[in-house]
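Observations on the three-dimensional arrangement
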Amino acid sequence: MAVEDNPISRVRYGEELKRRREAAGLTQEELSQRVVMSRTHIAHIEAGRRRPDVEDARRLDKELNTGGFFERFLPVLDGRKVAEYFEEALEFEGLAREIREYAPAVVPGLLQTREYAYEVLSFGYPRRCDEQLDELVATRLERARILDSFHSPEVCYLLDEAVLRRVVGGPAVMCEQLRHIAELGANRRIRVHVLPYSLGAHALQAGFLSLMWFDELPPIAYAEGVKSGRIIELPSMVRECQEIYDQALGDALSHRKSLDLLRSVAEEYEHAAQRAHHS
């Protein structure tokens, strides 16, 4: 039986892990080696700052002989409709003071308009009914509220030009979507940089990457692929991801030129939508 994820439940969960670890006569380092988790990760769990995933909880139960306790009482993101592999990244997103993301083909979730999000989520697997899609879209739009205020994280987006050119939902949807991004950029809520097709190969072309910095936690990276996502905490690997991002950012268009391109492509979509309407 999982419990709703909140600061109190995470602290109590962490206290129980610490109690049972110490009862077993293990240090954090010793436990980390036995359950194939980093010592830092275990320290964050015990401090109530993090929660393990299901596989982590099962390994803790097995090593500490707790009869399934840590899996049954695993704090979960109650009521949030996101992919299981993204749940931990979502928790970090809410804590971050700075976020930098690279998107290779699709507009990142925090920037998506309702119509664009609905279209993207419609092609998920397994197939979903309209009610389920509405819930997923509502969750995505709720996440985007962190961009409503200047008290929110500093956010920078690096977009491959393919994000602008891939027609999702038709020209009218794309026109609205690109103008929405341009407006966020013009209002200084985000910085946006486009990697143009003319650049050719670049350092980040392998896939989606998110970098996050925090006030009380070390920085992390999150990389995502097909039906998979991975939190990267090892400092040397996080630094490598940051360096790769910086290399690609150095090859991108400036913020101002990127906004000009977004508006120009949006205008192209507007004209295409008008032609389709009159044909």
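Here the structure is shown first, and the text comes after it.
What this report covers is the structure whose coordinates are included nearby.

Basis of the calculations
Residues numbered from 1 in each chain as written. Predicted model: local features only at pLDDT ≥ 70, side-chain atom pairs only at ≥ 80, totals over all residues. Heavy atoms only, no water. Buried < 20%, exposed > 50% of the residue type's maximum accessible area, 1.4 Å probe, protein only. Helix = DSSP H or I, 4+ residues; strand = E, 2+ residues; numbered from the N terminus. Pairing = 2+ DSSP bridges. Salt bridge = Lys/Arg side-chain N within 4 Å of Asp/Glu carboxyl O. Phe/Tyr/Trp six-rings, centres within 6.5 Å; stacked < 30°, edge-to-face > 60°. Expected span 1.5 Å × (residues − 1). Arc of directions from axis to C-beta. Lys, Arg positive; Asp, Glu negative; His and termini not counted. Polar contact = N/O pair within 3.5 Å; in protein donor to acceptor, adjacent residues only side chain to side chain. Contact = heavy atoms within 4.5 Å. Patch = residues over 30% accessible without salt bridge, like charges linked within 9 Å, V, L, I, M, F, W, Y side chains within 5 Å. Areas by Shrake-Rupley, 256 points an atom, 1.4 Å probe, with all protein chains shown as cover. Charge placed at Lys NZ, Arg CZ, Asp CG, Glu CD.

This paragraph deals with the pairing of strand E6 (residues 208-213). Most of E6 sits out of view: six of its six residues are buried. Along E6, one buried face is formed by Phe208, Ser210 and Met212 and the opposite face, lined by Leu209, Leu211 and Trp213, is buried too. When strand E3 (residues 98-103) meets E6, the two strands line up antiparallel, connected through five bridges. Bridge pairing links Tyr102 to Leu209 in E6. Relative to strand E7 (residues 220-225), E6 runs antiparallel, the two sharing five bridges. Counterpart to Met212 in the pairing with E7 is Ile220. The turn linking E6 back onto E7 is made up of six residues.

Next up on the list: the environment of Gly225. Inspection of the secondary structure assignment puts Gly225 in strand E7. Its relative accessible area of 39% is what places Gly225 among the partly exposed residues. Considered as a pair, Gly225 and Asp251 are 26 residues apart in the sequence and their alpha carbons are 23 Å apart.

A separate point is the pattern of salt bridges. Counted according to the given criterion, the structure contains 18 salt bridges. The partner of Glu22 in a salt bridge is Arg21, and the shortest N-O contact between them spans 4.0 Å. When its relative accessible area of 47% is taken as the criterion, Glu22 is described as partly exposed. Note on Arg21: relative accessible area 7%, which makes it buried. For the salt bridge of Arg165 with Glu268, the shortest nitrogen-to-oxygen distance reads 3.2 Å. With Arg165 in helix H9 (residues 161-165) and Glu268 in helix H12 (residues 255-278), this residue pair connects regions lying 103 residues apart in the sequence. A relative accessible area of 30% places Arg165 in the partly exposed class. The structure contains a network of salt bridges with shared partners spanning Arg97, Glu98, Arg100, Asp215 and Asp246.

To continue, consider the packing of aromatic side chains. Evaluation of the coordinates by the stated rule reveals four aromatic pairs. With centroids separated by 5.1 Å and ring planes inclined at 90°, the aromatic side chains of Phe69 and Phe70 adopt a geometry described as edge-to-face. Residue Phe69 is classed as buried on the basis of its relative accessible area, which comes to 17%. Ring geometry for Phe92 and Phe214: centres 5.4 Å apart, planes at 50°, overall tilted.

Within strand E5 (residues 191-195), four of the five residues are buried, leaving the element largely enclosed by the surrounding structure. Here strand E4 (residues 154-160) runs beside E5; their pairing, made up of five bridges, is parallel. Paired with Asp160 across the bridge in E5 is Leu195.

The end-to-end C-alpha distance of helix H11 (residues 235-251) is 25 Å, a good match for the 24 Å that 17 residues give at a rise of 1.5 Å each. Taken together, the buried positions of H11 are occupied by Val238, Cys241, Gln242, Tyr245 and Ala248. The arc that holds the buried residues of H11, viewed along the axis, is 125°, so those residues lie on one side. For H11, the exposed residues set more than 90 degrees away from the buried face come down to Gln247 and Gly250.

Its location among the elements puts Arg189 in the loop between helix H10 (171-186) and E5. Buried within the structure, Arg189 lacks any salt-bridge partner; its nearest side chain of opposite charge belongs to Glu154, at an N-O separation of 5.9 Å. Within the structure, the side chain of Arg189 is placed 2.7 Å from the backbone oxygen of Leu147, a separation counted as a polar contact. Once residues within four sequence positions are removed from consideration, Arg189 is found in contact with Ile146, Leu147, Asp148, Ser149, Phe150, Ser152, Pro153, Val155 and Leu184.

Our focus in this paragraph is the environment of Ser38. Mapped onto the fold, Ser38 is located in the loop between helix H2 (28-35) and helix H3 (39-46). In this structure Ser38 comes out as partly exposed when scored by relative accessible area, which is 35%. The spacing of Ser38 and Leu26 is twelve residues in sequence and 14 Å in space, taken between C-alpha atoms.

Bringing a negative patch on the surface into the picture now. Negative charge collects at one region of the surface, where Asp130, Glu131, Asp134 and Glu135 lie side by side. Taking the relative accessible area as the measure of exposure, Glu131 reaches 56% and is therefore exposed.

None of this, on its own, says anything about what the molecule does.
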